[in-house]
Amino acid sequence: MSTTRGSAPGAVTEDVSRTTAGLLREEAEQARRTLLKRALTSSPAYMFGVLLVLVIVFSILSPSAFPTTSNARNVVLNASPLLVMAVAMTYVMIAGGFDLSIGSVLVFANVIAAKVMGWMGTDDALTVVVGLLAALAAGGVWGTFNGLCITKLRVPPLITTLGTLGAALGVADLISGGNDVRTVPLTLINLGSAEPLGVSWIVWVALVVLVVGGLVLHMTRFGRHTYVIGSNPEAARRAGINVDRHVLGLYTLSGVAAGLAGMLSLTQFATTTIAGHTTDVISVIEGVALGGTSMFGGSGLMVGTLIGIFIPATLTNGFIIQNVQPFWQQVATGFILIGAVYLDQLKRRSRERA
Amino acid sequence: MTRRLRMGVPLCALAVAAIAAGCGSSSSSSKASSSSGASSSAGSSGSSGKTYHVVYIPGLTGNPFYSTVACGAKSVAPQMHVKFSVQGAPTFAVNAQTPVVNAVTATHPDAIMISNDDPKGMIPPLLQAQRAGIKIVNIDGDLAEKSVGVTNIQSDNAYGGQLAGQAMGKLIGGKGTVAIIDNDPGFPISEARVAGFMQAMKQYPGVKVLGVQYSHNETSNAASIVSSTAAAHPDFAGVYTVETNNTEGAITGARDAHVVGKLKIVGYDTSDPIVKGIQDGTVSADIVQYPYGEGQVGLQSAVKAIQGQSVPREQTQPFVVATKANVNTANVQRFIYKTSC
Amino acid sequence: MTAVLEADSITKRYGHVTALDGASFTANAGEVTALIGDNGAGKSTLVKILSGVIAHDEGTIRLDGERVRLESPQHARELGIETVFQDLALAPDLGPAENMFVGREILRGGWGGRLGVLDKARMRREALESFVSMGTDVKDMFAPVASLSGGQRQSVAICRSIKWASNVLFLDEPTAALGVRQTRNVLDLVRRVAARGVAVILISHNMPDVLQVSDRIEVLRLGRRVAQFPGQGTSIEQLVGAMTGALDQRAA
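Remember, predicted model here, so these are calculated numbers, not experimental data.

### Digging into the overall build of chain B
Turning to step 1, where the next piece is worked out: The number of helices and strands found in chain B is 11 helices and 12 strands.
Turning to step 2, where the next piece is worked out: Counting every atom, chain B has about 13000 Å² of accessible surface; 55% of that belongs to carbon and sulfur.

Right, here's the structure in full:
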């Protein structure tokens, strides 16, 4: 398609085709080598090392309490709603954005789902499904609203989502009268305590979200466009990518993920948790950043987010088991976070020097 | 150089983690040794000579009320052969407290004393703990499921609210506008305090009570609520502050709006600035609970339960209404919170 | 030579300001045509019109002899007209292959393709082929573009465009920020692109570069074409004279 007319001068072509064959043969080998090298020097690899060291240290310090299946199960369960939101946040941040509203949107979806199931007054699988759909829709509405403000009204993401951070929580308080809704169908509570294959449903859902999110990010055109938009939105626009529509989609996704996390939280605690999510967004952004996703957009890996979410979760758990003052956990995570972002900067700088 | 730097950063962060973990374990072991050292002065319950491990999980960390509970428990721990420690989350929420309970359960203490963040949401993790053979003592916040936990020790928050309402009605002479400042909506304890207050205010039909305003536990928010309400309502006569930070904020707000003395502040719970406010008259009345006693009774109940003795399921603790007139008396001082011990 | 792109008497006004005042322009297949002019002569306006970024008020545009109206940059691209702007519009965090296929990703066959699954290996292979066949030194398909040299980045942008440019390629100041050696590489690349039969239009301020690489040179001044020169046998003085109006040689 590129050579519709005329042909190139002979000498150049022959010379070039010889090297092409050689280079192409090398390419497969090089691809393998580069991928391995890239994987080993990536931020997720460093952070996996950090996580591994934490697990080993805590296991040595408290061999009877820390490295047990029940403890691991609890750590994973408690991190699951955060993980769901972090998967969506990874997309948003790779695209160069931020979503500060997720904690409030979670609470909003939390309240809507509980209220809807309450209004239905029934207690069967259908009730739970309707509740789930209500939670997803409630989250999606706020996400879409964020996306529209950012793409159509050109309000920066930080301001938009700071606004909806307050607004979503306010509306949730208005709807619930400020009181946690505790009338949750027994079907949902039973679902929360069921453990197919030894692990709670909540964990399975988070795992599916993580795997699907990772595959779509790294394997598909949608994922690729997310990177391009974060790396250079103007380049994306000129390449014919509908940047606004894509960004709108990402914020909607983030809202829906918060909605799903809200439903998971409702399943786990059998009550709405209106006051309990003000710091969720910090944990989520921290996790995504620890995992090596650039704060400037354009790069990041889903596996990094998985590792990043579990570093603070493991620290908290290990510190409590060690009977360390919980404030130390904040100190340690804080320094690890700064270290991780410094690493990202260092890479960037060395790359630009090259 | 670059390579070393790159490796250095996560490692240095890890070092912080390791140091923290190290301090923690050494301090807890020293605690353990000091309590066993005090075993010569063994109390009535220490007949077996065994050291019990009891953990207190407050509603949130850094709160004077909960710190005082911890102090109370700590004061009786040595004589009861208890290795006592405190673990908590920085926010008051079920999803923040659950991971703490999970992790504490993993260490298998003999008993957990807990100020629950949610009467229903905290059931599953505590049930897990109870099934693992850990005795649960609820302090200032019971569970909806009474089979979880051997006892609940708390003061009657609705009654405390009523006391606050009665004090307010008298202070403002039954007329004027009254504001209420609470932390956040959705917490049964503060709601009971507000409900009790409203109940008492019914006896004063001449008082206009504004809706509850929320400070999100921020002193500065409480201060601006007070100063702006003072500007909006010339007959602003009193403010009922439902938690510590709100009372502290109201003191500042009253100063900012130049209504000290004219505006009657009735608070709930104390701290050092609030005690000072009572002494200089900025705070007219304050409902003081007895968390120190709750902590003592809590630990005693925990040890009894561990030893298989029976404990009443409900235990209450007294209140005192502190005013400028009585704040320096021994009777009131006994109630005042102690944040460090 | 056949004229691929012909612009005739193009006028563009912004309020009272006339950016283009009946400008004409011709580009032939297989030739490098330089478009030069002083600042404000209307070069960038003309390029934007011919690449579909903005619409003109009067005049006609012909592509392969047929009259066309360029609705948008996408439309221009569909017609085989590509533009490499000075900012290159590359995604710095992505690799050369990924950049080459931005917005035109190749999907796998079958179900994967319907779900939007990329054929990464094929894109890498095709990109490498194209970089090698164009004689560039871009070889690492994994290195982020930000880590490449300025010349390599320019090569990536040009190779990307000619992969899709079947008719016309606009190059806006491709050597502006480059050193001597890299400039030579890029100019070699420009010649090779023209050798493929594409009409290459070079917008540049660098007269020696223009004279070295161009087959023909067209000069814009005050929104009109004021001169046309052959690439060979023209001097810098002649070009400067035409640009500044010191030497008025009316277009035929």
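Having seen the model, we can carry on.
### Some words on the overall build of chain A
Turning to step 1, where the next piece is worked out: In terms of helices and strands, chain A carries 14 helices and 0 strands.
Turning to step 2, where the next piece is worked out: When the elements of chain A are put in sequence order from the N terminus, they spell out α-α-α-α-α-α-α-α-α-α-α-α-α-α.
Turning to step 3, where the next piece is worked out: Contacts in chain A between residues far apart in sequence, at least 24 positions, make up 78% of those at least 6 positions apart.
Turning to step 4, where the next piece is worked out: When the accessible area of chain A is evaluated, it comes to approximately 14600 Å², of which 70% is carbon and sulfur surface.

### Remarks on the interface of chain A and chain B
Turning to step 1, where the next piece is worked out: Contact with chain A, which involves 50 residues of that partner, is made by 45 residues of chain B.
Turning to step 2, where the next piece is worked out: In this assembly, chain A packs against chain B so that about 3900 Å² is buried in total across both faces, 67% of it on carbon and sulfur atoms.
Turning to step 3, where the next piece is worked out: When residues of chain A are sorted by the area they lose upon contact with chain B, Arg182, Ile320 and Asn323 of chain A head the list and together hold 16% of the total.
Turning to step 4, where the next piece is worked out: Applying the counting criterion to the chain A and chain B interface returns 1 salt bridge.
Turning to step 5, where the next piece is worked out: Its salt-bridge partner being Asp118 of chain B, residue Arg182 of chain A comes within 2.8 Å of it at the nearest N-O pair.

### Here we look at the confidence of the model for chain A
Turning to step 1, where the next piece is worked out: For chain A, the mean per-residue pLDDT works out to 87, and 88% of the residues sit at or above 70.
Turning to step 2, where the next piece is worked out: A low-confidence stretch, residues 1-14 of chain A stays under pLDDT 50, and its non-local contacts, those more than four residues away or across chains, total 22 contacts.

### Re helix α9 (residues 221-231) of chain A
Turning to step 1, where the next piece is worked out: For α9 of chain A, a buried count of 9 out of 11 residues is recorded, marking the element as mostly surrounded by other parts of the structure.
Turning to step 2, where the next piece is worked out: The complete set of buried residues in α9 of chain A reads Gly223, Arg224, His225, Thr226, Tyr227, Val228, Ile229, Gly230 and Ser231 of chain A.
Turning to step 3, where the next piece is worked out: The elements touched by buried residues of α9 of chain A are α3 (69-94), α8 (201-219), α10 (233-238) and α11 (243-269) of chain A together with α3 (96-100) and α5 (120-133) of chain C.

### Thoughts on the environment of Ala127 of chain C
Residue and element names in this part refer to chain C.
Turning to step 1, where the next piece is worked out: In this fold, Ala127 is placed in helix α5.
Turning to step 2, where the next piece is worked out: The exposure class of Ala127 is buried, given its relative accessible area of 0%.
Turning to step 3, where the next piece is worked out: Not counting residues within four places of it along the chain, the set of residues in contact with Ala127 comprises Ala97, Met100, Phe101 and Met141.

### Things to note about the sheet that holds strand β5 (residues 151-154) of chain B
Strands belonging to one sheet form pairs held by backbone hydrogen bonds; the direction of such a pair is parallel or antiparallel.
Residue and element names in this part refer to chain B.
Turning to step 1, where the next piece is worked out: A sheet is described by the order of its strands in space; here 6 strands give the open sequence β2-β1-β3-β4-β5-β11, paired in parallel fashion. The sheet is open, and its two edges are formed by β2 (82-86) and β11 (314-316), each paired on a single side. The average angle at which neighbouring strand axes cross in this sheet is 20°, direction not considered.
Turning to step 2, where the next piece is worked out: Note that strand β4 (residues 135-139) and β5 share 3 bridges and pair parallel. For Val137, the partnering residue across the bridge sits in β5 and is Thr151.
Turning to step 3, where the next piece is worked out: Packing against the sheet, helix α3 (residues 94-106) makes contact with β1 (52-57) and β3 (111-114), and its axis sits at approximately 175° to β1.

### A short note on the pattern of salt bridges
Should their charged atoms come close, side chains of opposite charge can pair.
All names here are of chain A.
Turning to step 1, where the next piece is worked out: Counted according to the given criterion, the structure contains 21 salt bridges over all chains.
Turning to step 2, where the next piece is worked out: The salt bridge involving Glu195 is made with Arg73; its shortest N-O contact spans 3.4 Å. Taken as a pair, Glu195 in the loop between α7 (186-193) and α8 and Arg73 in helix α3 lie far apart in primary sequence, 122 residues in all.
Turning to step 3, where the next piece is worked out: Overall, the relative accessible area of 39% leaves Glu195 in the partly exposed class.
Turning to step 4, where the next piece is worked out: Judged by relative accessible area, which is 33%, Arg73 ranks as partly exposed.

### Here we look at the sheet that holds strand β9 (residues 216-221) of chain C
Residues and elements named next belong to chain C.
Turning to step 1, where the next piece is worked out: Read across the sheet, 6 strands follow the order β6-β7-β8-β3-β9-β10 without closing on themselves; strand pairing throughout is mixed. With partners counted over all chains shown, the strands left at the sheet margins are β6 (81-84) and β10 (224-230), one partner each. Adjacent strand axes in the sheet meet at a mean angle of 20°, parallel and antiparallel pairs treated alike.
Turning to step 2, where the next piece is worked out: Relative to strand β8 (residues 199-203), strand β3 (residues 32-37) runs parallel, the two sharing 4 bridges. Its bridge partner being in β8, Leu35 is matched across the sheet by Ile203.
Turning to step 3, where the next piece is worked out: Together, β6 and β7 (168-172) form the strand contacts of helix α6 (residues 150-164), whose direction differs from that of β6 by roughly 175°.

### Some details on the packing of aromatic side chains
Turning to step 1, where the next piece is worked out: For the structure on display, the rule yields 12 aromatic pairs over all chains.
Turning to step 2, where the next piece is worked out: Residues Phe58 of chain A and Phe319 of chain A carry aromatic rings whose centres are separated by 5.7 Å and whose planes lie at 80° to one another, so their mutual orientation is edge-to-face. With Phe58 of chain A in helix α2 (residues 43-61) and Phe319 of chain A in helix α13 (residues 302-321), this residue pair connects regions lying 261 residues apart in the sequence.
Turning to step 3, where the next piece is worked out: Centre to centre, the rings of Phe65 of chain B and Tyr66 of chain B are 5.6 Å apart; their planes meet at 85°, and the pair counts as edge-to-face.

### A word on the pairing of β3 of chain C
Turning to step 1, where the next piece is worked out: Along β3 of chain C, 6 of the 6 residues are buried, which leaves the element largely enclosed by surrounding structure.
Turning to step 2, where the next piece is worked out: Residues of β3 of chain C alternate between two faces, with Val32, Ala34 and Ile36 of chain C on one and Thr33, Leu35 and Gly37 of chain C on the opposite face, all of them buried.

### Details of the side chain of Asn71 of chain A
Turning to step 1, where the next piece is worked out: Looking at the element boundaries, Asn71 of chain A is found in helix α3.
Turning to step 2, where the next piece is worked out: Residues in contact with Asn71 of chain A, not counting those within four places in the same chain, are Ala65, Phe66, Asn317 and Ile321 of chain A together with Asn102, Ala103 and Ala106 of chain B.

### Side note on helix α8 (residues 244-256) of chain B
Turning to step 1, where the next piece is worked out: Counted at 1.5 Å a residue, the expected span for α8 of chain B with its 13 residues is 18 Å, and the 19 Å between its end C-alpha atoms agrees.
Turning to step 2, where the next piece is worked out: Once α8 of chain B ends, the next one or two residues include His258 of chain B, with phi positive near 55°.

### Some points on the packing of α3 of chain A against α8 of chain A
Two packed helices can be described by the angle between their axes and the distance between those axes.
All names here are of chain A.
Turning to step 1, where the next piece is worked out: The N-to-C vectors of α3 and α8 enclose an angle of 20°; their axes lie 8 Å apart at closest approach. With respect to α8, the axis of α3 lies roughly parallel. As α3 runs across α8, the sense of the crossing is left-handed. Facing Val76, Leu77, Ser80, Leu83, Val84, Val87, Thr90, Tyr91 and Ile94 of α3, the residues of α8 in contact are Ile202, Val203, Ala206, Val209, Leu210, Gly213, Val216 and Leu217.
Turning to step 2, where the next piece is worked out: Considering only residue class, the contact of α3 with α8 consists of 14 nonpolar, 3 polar and no charged.

### Notes on the environment of Met243 of chain C
Residues and elements named next belong to chain C.
Turning to step 1, where the next piece is worked out: When you line up the elements, Met243 lands in helix α9 (residues 236-244).
Turning to step 2, where the next piece is worked out: Note: C-alpha distance between Met243 and Val226 (17 residues apart in sequence) is 8.0 Å.
Turning to step 3, where the next piece is worked out: Non-local contacts of Met243, meaning those with residues more than four positions away in its chain, are made with Ile36, Gly37, Asp38, Met207, Val219 and Arg221.

### With respect to the side chain of Thr151 of chain A
Residues and elements named next belong to chain A.
Turning to step 1, where the next piece is worked out: Looking at where Thr151 falls in the secondary structure, it is placed in helix α5 (residues 125-151).
Turning to step 2, where the next piece is worked out: Of the residues examined, Thr151 reaches a relative accessible area of 3% and is grouped as buried.
Turning to step 3, where the next piece is worked out: Within the local environment of Thr151, its side chain forms a polar contact with the backbone oxygen of Gly147, the two atoms lying 2.8 Å apart.
Turning to step 4, where the next piece is worked out: Setting aside residues up to four positions removed in sequence, Thr151 forms contacts with Asp244, Val247 and Leu248.

### Concerning unusual backbone geometry
Residues apart from glycine generally show negative phi values, whereas peptide bonds are mostly found in trans.
Turning to step 1, where the next piece is worked out: Positive phi outside glycine occurs at Leu197 of chain A, with the angle close to 55°.
Turning to step 2, where the next piece is worked out: Its place among the elements puts Leu197 of chain A in the loop between α7 and α8.
Turning to step 3, where the next piece is worked out: Backbone geometry at Asp269 of chain B places phi at a positive 80°, although glycine is not the residue there.

### A look at a nonpolar patch on the surface
Residues and elements named next belong to chain A.
Turning to step 1, where the next piece is worked out: Side chains of Phe48, Leu52, Ile56 and Ile60 sit close together on the surface and give an oily, nonpolar patch of about 400 Å² of accessible area.
Turning to step 2, where the next piece is worked out: One can find Ile56 in helix α2.
Turning to step 3, where the next piece is worked out: Accessibility expressed as a relative area gives 46% for Ile56, which makes it partly exposed.

### Focus: the confidence of the model for chain B
In low-pLDDT regions, the fine details of the predicted coordinates are not to be read closely.
Residues and elements named next belong to chain B.
Turning to step 1, where the next piece is worked out: Chain-level statistics for chain B give a pLDDT mean of 84 and a share of 86% at 70 or above.
Turning to step 2, where the next piece is worked out: Across chain B, element-level confidence peaks in β3 with a mean pLDDT of 97 and bottoms out in helix α1 (residues 2-37) with 40.
Turning to step 3, where the next piece is worked out: Note that residues 1-47 has pLDDT below 50 and, in this model, 55 contacts with residues that lie over four places away or in other chains.

### A few points about the environment of Gly249 of chain B
Turning to step 1, where the next piece is worked out: For Gly249 of chain B, the position within the fold is in helix α8.
Turning to step 2, where the next piece is worked out: Each residue touching Gly249 of chain B, except ones within four places of it in the same chain, is listed here: Thr219, Ala222 and Ala223 of chain B.

Parameters at a glance
- Residues numbered from 1 in each chain as written.
- Chains lettered and ligands numbered in written order.
- Predicted model: local features only at pLDDT ≥ 70, side-chain atom pairs only at ≥ 80, totals over all residues.
- Heavy atoms only, no water.
- Helix = DSSP H or I, 4+ residues; strand = E, 2+ residues; numbered from the N terminus.
- Areas by Shrake-Rupley, 256 points an atom, 1.4 Å probe, with all protein chains shown as cover.
- Contact = heavy atoms within 4.5 Å.
- Buried area = accessible area lost by both parts, 1.4 Å probe.
- Salt bridge = Lys/Arg side-chain N within 4 Å of Asp/Glu carboxyl O.
- pLDDT = per-residue confidence, 0-100.
- Buried < 20%, exposed > 50% of the residue type's maximum accessible area, 1.4 Å probe, protein only.
- Pairing = 2+ DSSP bridges.
- Axes fitted to C-alpha atoms, helices over the stretch in contact; angles between N-to-C directions.
- Phe/Tyr/Trp six-rings, centres within 6.5 Å; stacked < 30°, edge-to-face > 60°.
- Expected span 1.5 Å × (residues − 1).
- Parallel < 35°, antiparallel > 145°, perpendicular 65-115°, else oblique.
- Left-handed = near helix turned anticlockwise from the far one by under 90°.
- Nonpolar A, V, L, I, M, F, W, Y, C, P; charged D, E, K, R; others polar.
- Polar contact = N/O pair within 3.5 Å; in protein donor to acceptor, adjacent residues only side chain to side chain.
- Patch = residues over 30% accessible without salt bridge, like charges linked within 9 Å, V, L, I, M, F, W, Y side chains within 5 Å.

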